[in-house]
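The lines below spell out each chain.
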Amino acid sequence: MSNELPPELTPRSIPEFSYIAPSTVADAISLLGRYGSKAKVMAGGSDLLHLMKRDAMSEVPEVIVDIKKIGEMSQLDFDPVGGLSMGALVTIGEVERSGVIAEHYPLLSQASDQISAPQVRNVATVGGALSQQVWCPFLRNALKCWRAGGEICYATLEGADNRYYHSVMGGDDCYAVHPSDLAVALEALGASVVVAGPYGTKTMRLDDFLPGNVWVGNLLQSHVLLQTEVLTAVQVPPPASGARYAYLKSRVRNALDFAIASVAVSLSVVEGVVEDSRVVFGGVAPAPYLDLGAEGKLNGASLSSALPEEVAAVALAGANPLENNGYKVDVAKGLLKEAILKLSA
Amino acid sequence: MRVSRRGLFKIIIGGVATTAAGVTALLLGTRQGRTTLESLVPAALPAASKDITMSLNGIEVHIQVKANRTLLKVIREDLSLTGTKPGCSNGECGSCTVLIDGVPVYSCQKLAVEMDGHQVTTIEGVGSGGTLSALQQAFIDEGAFQCGYCTPGFILSAIALLQSNPDPSADDVREGLSGNICRCGSYPHITNAVLSAAQGVGSE
Amino acid sequence: MSNPVVGTSVPDVRGKERVTGTAQYTIDLSRPNMLVGSVVRSTYPNARILSIDTSKAESLPGVKAVVTGKEVPPIPFPPFLSYDLRVLAGATDSYVRFVGDEVAAIAAETEEIADAAAKLVDVQYQPLPFTLDAETTTQPGAPDVESSLGFPGNVQSPYTPLVMARGDVDAGFAEADLVFEGEYQVPPQAAASLRPFSCLAEWDGPNLTVYNDSQVIFVRQGELADLLGIPTANVRVVSQYMGGGFGEDNLYRFIPLAAILAQKASRPVKMVMPQDYAFEGSPNKRHAASFTVRLGAQSDGTITAMDLQATYDKGAYLAGGASVPYVGARAVFNGYRVPNMRYTTYAVFTDNPPAGAFRGYGGVQSNFAVQSAIDDLAEKLGMDPTDVHYMNCIRPDDVLEIEGEPVDFTKVGGSAFMEAIEKGKDATDWKSRWGASGAASGSGHVRTGLGMALLTYGFGHKPDTANVSIYVRPSGQVDVMAGTADLGGGQPTTISMIVAEELGARLDDVSVSLGDTNLPPAPFLGTFGSRTTFIAGNAAKLAAADAKQKLLLVAAGMLGTTPDQLRTSGSQVLVNGSGRSTSFSEVVQGLPGGASIEGSGEYVHTAQTSKSGFQFGACFAEVEVNQWTGKIRVKRLVMAQDYGRVINPRAAEGQMQGAAIQGLGYGILEDYVVDVTTAQSITRDWLYYRVPTIMDVPEMVSIAIENPDPRGPFGAKGGGESMIICTHSAIRNAVAKAIGVRFTSLPITPQMVLEALKAGGGQ
């Protein structure tokens, strides 16, 4: 009999690799093209190094292309007409501390300071937040599931602990939730992303960039980036005037943890009536979950003490929880109610 | 125990019981094909080591490092500065916190090669010439440690906190230190120490 | 006396080293020519080893030594606390019994080579059926965990069932107006100290020195000597600074493996275990346990009978013996004056990673069962739980039969339960607020609750002996030699203070050397079980008294008077009724040839004393429960504990807070999970295993009670384990008051709260 389980519990050493740090997007693209699937982009590194240390990748990179020297990707610009443009290398810490963002996009400020730890926010980038790998504990403990080159999802086996990190809105091979709070907030703001490749650049909506489970070549990813592409910027339209925003996150501890569920809500209210709304949930699906049913209930509704319950009742319609995570639906609905209450005050 | 385990006697023979097929497939390697061009024309790889120059506690250091070595390992093993501690080594506990360009970062999650051109501050760079800084003294006075293993990491985080917010509230202190774990549970005394240092000198 | 030291908040005497990063923990040590070790560990929970091929590992350049079970002594290790662990699988038989069981060890030039070599060791396993379920493991047909090591049926027998009893429970139940029965369960808890487990072993001819973070250096010294077949005097164990020490470092195989590799390679070997070892490694977790509690009570709240059955899950090995269940039983008897009590414990085996010693062992578990049951009983009776505890807890002047012997509580400083309850109620304004708890606060869907639990436990478990030597030097420095550990509980500071006070020396003149088996054992068994202040402190006090007596004798000669006319203070010898004085250093310099004055003290902690160390206290918790999200927030903890005599108030407060925070973690945050399919823990790091962060800490009020224990140094008793015993129970009871759901297992998660509320629980 041979060993089918991983040969070791937790590797310590990071495998050897080559390292190069280009200073332009064009150079980065060229390097990715030259080294093909041997190469991986590194920005802040907090996700990539964790994956490498935990043997959670199907292909261990032999070349790391460090993009942090690309100055054009580090800019944060706002103007009232064009909106916000954040280079993909803008750190979460910069978003958290930005006065411009606090003034015009408070949803991003609220989301960003609830992410991980200060030390992580200081290096983790906006681009990295969107394109990070899922934080399923099976994957991150070296079990070879779909995302690591295997053909199994451990979280959906009978008796598996899928209480925290897995979807209540279904999955496709993989059931892990997308972990990023920033993605949820950006989705609620109607963000788009700019992607650069050998062809030049293209812009796409964030929800097209982050469909959840998608096979790109032989890798199951949450995002659509090809191996030869680099996410270079995130753009957010100018804010709707008079809109109110809330980003609420519920987690076990009061710091560090991913969301059991989170919600980004924006409401445009005129004379007590909701004219427009966005409701996006995090922690419940393989990608930020835009809840059209909840928005539909909100739009045109008068603020009232009954409204939160009415909206929550139609939220996450069609939820399809796993064996142990149905309660996430209640947490998400609870946060939605709290958000609406907060924004009705 | 919330997850039911009653009567689950599993046998692992030929792989995980319910997924024998999946694991066999893994062993055989059922991946989609790769592009052929790359495999026909292998490209010379960039270097696996790099010469870097960084400012470490105010001193310029030139060192050649392998790309896969973390800043934490290089500080401790190549430069013999053992004050920065490896805890979880996975960016989850804060014991290895150093300042990079004044900003707290988990040194176990940074490659040494990334430090080229940057300033790094470790616990050895705190205080001067044997004299404790006001913050270090406050930690002692307030009993802000028990085993002390997390202490260097907390001090570096607190330095950055006080630098950006010289007059923090208790809540500000807790949020600023939320990325540092203390398993001994010295948190209340740590908060007192940082507040006390803030009231004293003001900043480091 | 002037300038008292005991009772003042003295800063840690080794604080400077900690805040500057100059303290050398084991992981910081290195030696020239040192090799680095790695260990091959099983990823199967139960398997027979068919073959191990180390040839590829051995031929990897840079590999200097490889050992498998065939090359290590074929005896159980460690022999002291365990009967069935051994240094490597294959040494005594060919099984691996848990994920992480050690199979082979390697020493190489670098960590990278050692890790690469570990991957090259080819172990062929025949996987066997395994069980992770303590409830079904003893049933016929369950997979066999331990029969090949002498425990058929997966039950730890004959060590258990262990029965502790007093009176006649059947008669007691007959007298009751109401019989309440409840079942309770608690999970494992990982100590999860941040520092990686590590050691450095080096040989110098026949002499072995081992550096490791250890609370039990003298025991370790004996274990290593026995294992390696060398005289104890040839083994030295050093532990200067420990990165956390909650009992979890007491049974590690990587330490003798490093010694064996170092011998084979003739070079020092440093072994650092990977970070998951804190979760998936050798015995170092709190035992999971399940309980059935029956209480018989009269309608006025008097409990007439208490009958508990406990099952502790030892995991795959016996390591730690029956100590944990025994201590758990005693913890209950140490709390209540109920005349008829019976506590029956079983320990069973499963293929879970082995459980061991973690702060408050045995008692944390039984506390949850008893404190929850009494709270549940109070609700059934329509009574305030503090009244039920007050009526049934041990009173200051009680004489009770415990383990067949009468215990007179007036001789141990009295019991402080009633005082702790009263003080806790005052500090929480319980009388006016408890009844109102549960009522909605703020937005209506968040409910508050007040709850409490008693801290019932012992200290100084196991007979032991401590020896301390003191040297008063010509310089005036007072050197204290005490082979205890400094695990952060302020042990060297406490000992310095006791010596300074007893001797009459300036605290700054006192220096403690510790953590080395070259020093006198203080105490021999080690620094755990809340014993150091009591046992080592007593020895230190005796040594100081001895040194003082000798000092005064010499001083009397110099001053032309008699010792009874002299007193000491601030490192001075003073003549009563006159202005004359001389310093300690002058006295010692008066001795010929640069000699020092030596004092020694030995304190024998008898079996009787070890069974009559009691901790008394209470924890009161205030929580908020969000009924929409299931989130529990602990708002405030009021903790009252009897220290006998508080040696160092700030240090004692730090211990109480730290222990309470660990208890809070156990109650609502920490959740150790073993995946049922792979038997691997999916919570084996500090992200998935949620230890409390600074943001999880509530407002905390610490109340120190002082009823001196006449047997302790200055009346001090043990107290380091403290609030970890009962904080989780207090939180559970507060949640019960907030939402009317009486949880019977931990941790209380948002899922449990929401599902219970949905199922109709609550108000």
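Anything mentioned here points back to the structure above.
What counts and what doesn't
- Residues numbered from 1 in each chain as written.
- Chains lettered and ligands numbered in written order.
- Predicted model: local features only at pLDDT ≥ 70, side-chain atom pairs only at ≥ 80, totals over all residues.
- Heavy atoms only, no water.
- Helix = DSSP H or I, 4+ residues; strand = E, 2+ residues; numbered from the N terminus.
- Rg over C-alpha atoms; globule rule 2.2 N^0.38 Å.
- Buried < 20%, exposed > 50% of the residue type's maximum accessible area, 1.4 Å probe, protein only.
- Contact = heavy atoms within 4.5 Å.
- Areas by Shrake-Rupley, 256 points an atom, 1.4 Å probe, with all protein chains shown as cover.
- Lys, Arg positive; Asp, Glu negative; His and termini not counted.
- Charge placed at Lys NZ, Arg CZ, Asp CG, Glu CD.
- Buried area = accessible area lost by both parts, 1.4 Å probe.
- Polar contact = N/O pair within 3.5 Å; in protein donor to acceptor, adjacent residues only side chain to side chain.
- Pairing = 2+ DSSP bridges.
- Axes fitted to C-alpha atoms, helices over the stretch in contact; angles between N-to-C directions.
- Salt bridge = Lys/Arg side-chain N within 4 Å of Asp/Glu carboxyl O.

Helices and strands together make up the secondary structure of chain A, namely 12 helices and 14 strands. The globule rule puts the C-alpha radius of gyration for 345 residues at 20 Å, and the 20 Å found for chain A is close to it. Reported as C-alpha extents along the three principal axes, the dimensions of chain A are approximately 65 × 50 × 35 Å. Counting all 345 residues of chain A, 65% fall into the buried class. Excluding contacts between residues fewer than 6 apart, the proportion of contacts in chain A whose partners are at least 24 apart in sequence is 65%. Carbon and sulfur atoms make up 51% of the accessible area of chain A, which amounts to about 11000 Å² in all. The positive charge centre, built from 26 side chains, and the negative charge centre, built from 37, are 5 Å apart in chain A.

One widely used convention gives an interface's size as the accessible area the parts lose upon coming together. Listed by partner, the interface residues are 79 residues for chain C and 56 residues for chain B. For the chain C and chain B pair, buried surface summed over both sides reaches about 5400 Å², with 60% attributable to carbon and sulfur atoms. Considering only the surface of chain C that becomes buried against chain B, Val19, Leu194 and Ile694 of chain C emerge as the three largest contributors, covering 15% of it. The tally of links between chain C and chain B comes to 25 residue pairs in polar contact (both at pLDDT 80 or more). Elements with a minimum of two residues in the side of chain C that touches chain B: helix H1 (15-20), helix H3 (111-120), strand S8 (178-186), strand S9 (189-190), helix H17 (649-669) and helix H19 (750-758) of chain C. Per-element tally for the side of chain C that touches chain B: the top contributor is H17 of chain C, with 8 residues.

To continue, consider the sheet that holds strand S1 (residues 18-20) of chain A. Residues and elements named next belong to chain A. As summarised here, the arrangement of the 3 strands in space is S1-S3-S2, forming an open sheet in which the pairing is parallel. Unpaired on one side and paired on the other, S1 and strand S2 (39-42) mark the two borders of the sheet. The mean inter-strand angle of the sheet, taken between neighbouring strand axes irrespective of direction, is 25°. Relative to strand S3 (residues 63-66), S1 runs parallel, the two being bridged by 3 bridges. In the sheet register, Tyr19 faces S3, and the bridge partner there is Ile64.

Chain A puts 49 residues into the contact, and the matching count from chain C is 55 residues. Counting the surface lost from both chain A and chain C, the interface buries some 4600 Å², and carbon and sulfur atoms represent 52% of this. Inspection of the region where chain A meets chain C yields 4 salt bridges. Ionic pairing is found between Lys758 of chain C and Asp330 of chain A, a salt bridge with its closest N-O pair at 3.0 Å. In this structure, the connection of chain A to chain C is made through 18 residue pairs in polar contact (both at pLDDT 80 or more).

Before going further, it helps to examine the side chain of Ser583 of chain C. Residue and element names in this part refer to chain C. Note on placement: Ser583 falls in strand S27 (residues 581-583). Accessibility expressed as a relative area gives 15% for Ser583, which makes it buried. Here the side chain of Ser583 touches Ser585 through a polar contact of 3.2 Å, side chain to side chain. Contacts of Ser583, omitting those with residues within four sequence positions, involve Ser571 and Gln572.

Below, the discussion takes up the sheet that holds strand S16 (residues 303-313) of chain C. Residue and element names in this part refer to chain C. Pairing within the open sheet is mixed, and its 5 strands lie in the order S7-S17-S16-S15-S8. On the outer flanks of this sheet lie strand S7 (162-166) and S8, each paired with one strand and no other. Neighbouring strand axes in the sheet, compared pairwise and without regard to direction, differ in orientation by 10° on average. The pairing of S8 with strand S15 (residues 288-297) spans 9 bridges and is antiparallel. If you follow Gln185 over to S15, its bridge partner there is Ser290. The sheet contacts of helix H8 (residues 323-333) involve S7, S16 and strand S17 (341-348), and relative to S17 the element is tilted by about 160°.

Once that is clear, we can look at the pattern of salt bridges. Residue and element names in this part refer to chain C. Counted according to the given criterion, the structure contains 65 salt bridges over all chains. Its salt-bridge partner being Arg330, residue Glu403 comes within 2.8 Å of it at the nearest N-O pair. Separated by 73 residues along the polypeptide, Glu403 in the loop between strand S18 (399-402) and strand S19 (405-408) and Arg330 in helix H8 bring together distant segments of the chain. With a relative accessible area of 27%, Glu403 lands in the partly exposed category. We note a salt bridge from Asp387 to Lys425, for which the minimum N-O separation is 3.9 Å. Here the residue Asp387 occupies a position in helix H10 (residues 385-392), and Lys425 occupies one in helix H11 (residues 417-428), the gap between them amounting to 38 residues. According to the relative accessible area criterion, Lys425 is buried, its value standing at 12%.

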